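Structural features, examined
Take a look at the letters that make up each chain.
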Amino acid sequence: MNVDELVRDALRDQADGQQPAPAGFADRVLAVRRRRRGRRIASAAAAAAAVIAVAVAVPVLDSGKEDVRPSGGVEQNGITAHPDQSPPRDMIVAGRVALAAYFTRATVEQSADRAVSQRTYWLLNPRTKKYVKDERWSYVAVAPGTTTAAVLERDLPVPRIGLLDLASGQVKRWIPVDRPVAGVEFSSDGRKLVATTYSENPDRRVKIEGSEGWDAPFGQSDRTGFHVIDVASGSSSWAGVEIGGGAHNPDVFINSRQDFAFTRDGRLVWSGMPTEPGEKFYDFTGKEVPGPAPDRYLDWSVDARVSPDGQFVAGPFAGQKWKTSSFVLDARTGKQREVRGQQLLAWADGNSLVAWDIGPDGNEYHQRLVLVTIGGEKTTPLSDFRSPKDNTKGRWEPVFAER
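Keep in mind it's a predicted model, so treat the numbers as computed, not measured.

Glancing now at the side chain of Ser-271. Examined against the element boundaries, Ser-271 turns out to sit in strand S18 (residues 269–272). Engagement of the side chain of Ser-271 in a polar contact is seen with the side chain of Arg-223, the distance being 2.8 Å. With residues up to four places along the chain from it excluded, the contact list for Ser-271 reads Arg-223, Gln-258, Asp-259, Phe-260, Gly-278, Glu-279 and Lys-280.

Bringing the sheet that holds strand S19 (residues 279–282) into the picture now. Spatially, the four strands line up as an open sheet ordered S17-S18-S19-S20, and their pairing is antiparallel. At either margin of the open sheet sits one strand with a lone partner, and together these are strand S17 (261–262) and strand S20 (288–289). Pairing analysis gives four bridges linking S18 to S19, with the strands arranged antiparallel. If you follow Ser-271 over to S19, its bridge partner there is Lys-280.

Among the structural elements, Gln-342 can be located in the loop between strand S23 (336–340) and strand S24 (343–347). On the basis of relative accessibility, which here comes to 4%, the residue Gln-342 falls in the buried class. A distance of 2.5 Å separates polar atoms of two side chains, one belonging to Gln-342 and the other to Gln-367.

Turning our eyes to something else, we now look at the nonpolar core. Judged by nonpolar contacts, the single largest core of 35 residues is most densely connected at Leu-123, Val-140, Val-142, Leu-152, Ile-161, Val-184 and Leu-193. Those elements that provide at least two residues to this core are strand S5 (97–111), strand S6 (114–125), strand S8 (137–142), strand S9 (148–153), strand S10 (158–165), strand S11 (170–186), strand S12 (192–198) and strand S28 (397–402). The biggest single contributor to this core is S11, with seven residues. Within the second largest apolar cluster, 23 residues are counted, among which are Met-91, Ala-94, Leu-345 and Leu-369.

Turning next to the packing of aromatic side chains. Per the counting criterion, the structure on display carries 12 aromatic pairs. Here Tyr-102 and Trp-122 contribute two aromatic rings whose centre-to-centre distance is 5.3 Å and whose plane-to-plane angle is 5°, an arrangement assigned as stacked. In this pair, Tyr-102 sits in strand S5 while Trp-122 sits in strand S6, placing the two residues 20 residues apart along the sequence. Note on accessibility: Tyr-102 and Trp-122 belong to one class, buried. Between Phe-103 and Tyr-121 the ring centres are 5.2 Å apart and the planes differ by 45°, which places this aromatic pair in the tilted class. Of this pair, Phe-103 sits in strand S5 while Tyr-121 sits in strand S6; the two residues are 18 residues apart in sequence, bridging distant segments of the chain. Comparing Phe-103 with Tyr-121, the two get one shared label, buried. Feature note: the residues Tyr-102, Trp-122, Tyr-131, Trp-356 and Trp-396 constitute an aromatic cluster, connected by ring pairs. Sitting above the plane of the Trp-356 ring, Arg-386 keeps its charged end 3.9 Å from the centroid.

Procedures and definitions
Residues numbered from 1 in each chain as written. Predicted model: local features only at pLDDT ≥ 70, side-chain atom pairs only at ≥ 80, totals over all residues. Heavy atoms only, no water. Helix = DSSP H or I, 4+ residues; strand = E, 2+ residues; numbered from the N terminus. Polar contact = N/O pair within 3.5 Å; in protein donor to acceptor, adjacent residues only side chain to side chain. Contact = heavy atoms within 4.5 Å. Pairing = 2+ DSSP bridges. Buried < 20%, exposed > 50% of the residue type's maximum accessible area, 1.4 Å probe, protein only. Core = buried A, V, L, I, M, F, W, Y, C linked by side-chain atoms within 4.5 Å. Phe/Tyr/Trp six-rings, centres within 6.5 Å; stacked < 30°, edge-to-face > 60°. Lys NZ or Arg CZ within 6 Å of the ring centre and 35° of its normal.

Written out as C-alpha cells, the structure is:
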C-alpha cells in the first residue's frame, strides 16, 4: 500500500470529525549557506560559453556532447520539459521525479527591527498538470505520488499539520502535534513524516547593521527537536535535540532554520550544520548515533541527496572540469566524480540528476533547470531561465517529489 492509499483510507475514516481551518529546505537557503555557495560560485568566475541547439530534439538520460532542447510539453523518454517557461505553468517531469511545486520568497516587515521571510507556493494539480498558486501555506512538502502534500499554515510555528489533496485543493485531515512545528518532510516511502519543532519562527529576519536590509540571525536557532509521525494513523512521538556542541565544542551551531530529514532507509533522522562535523544523525528518541552508509556523505546544502539505487550521493559545487559543475560521490568510498550543473536538486534515475545551471552569459543567478548525466557532457533544458536578480518575484525555488 503506497502513501496515497494510506492517506485515502485514513481520510475516509477521519475527515468528517475534523474542524475547519481557522483563517490565517527550511528556508533552506539561510545566511551561512548563501555565503558559502556564493564564495564557491564566485571562485568559478564566468560560465563557459555553451552551444544551445534550437532545433527540437528527443531528450535521453545518457551522455552526449551538446546541449539539446526537448520538445516542450511532450513527454519523451520519461521527460516533459518546458524550456520556454519560467516560472513554469505546465508540469515538468524528469524520469522518476516531478517538479511538484515551487515557491518564491518575500520579506514581510513586522516591526522596525523584525521581519519574516514568507513563502508563496504554486502547487502541481495532478489532474490538470498545471501549477496553481496557493497562498495559504508557509511550508509545503509533497508526498511520493504527487497527489498529497503536508502543509503548514502561516504564523510559524504551528500546532497542526494538514494533509492536502492536490487535485481538489482541500485539506482532508489535520494532524495535531503537542509541540509547534515549522518544517516537515516525508520519508522516501511516504509512510512517515518528520516535523521539526521550534519555539519561535525560524524564518524570522533581523536588520543588517548599517543597512536597510534584512537577514537571518547568524548562528541563532530556536529549534527544539522533532516529531516522527505515522501518516495513516496520525500518531507521533517527539524527541528533544540539544542545539550546538555543548561546553566542549562551543563553536558548533546551526542556522535559524535547520530542519530534520529522514535517512534514505527511513530508520534515522539527520540534520546538517554549517560547521564541523557538517551533519548529525539521530534515532527516533533523539539519541545521536553514527550515520549509515551512504548517508554519511550527505551535504545538508545539496537537495538531491542519495541516488535511488543508493550508489551515489549528490555533492557540492565543484567548478573544475567545467565552469559550473558539481561533485557526485561514490556512496561506498566517497570518491568524487564531476558532473555538469551548478546545483544538484533531484535524482531523475540512478545515473542522471535535475540541476540548476547557468547560461552563456555567465551570470550565476541566471539559471534554468537542466538534466545532467554522470559521465556525460550534455545538458537538457527543462525550464527557461529564472531572473538574474536575487530576491525578486522571478526567483522561484523548486520542490521535487517522486512520482
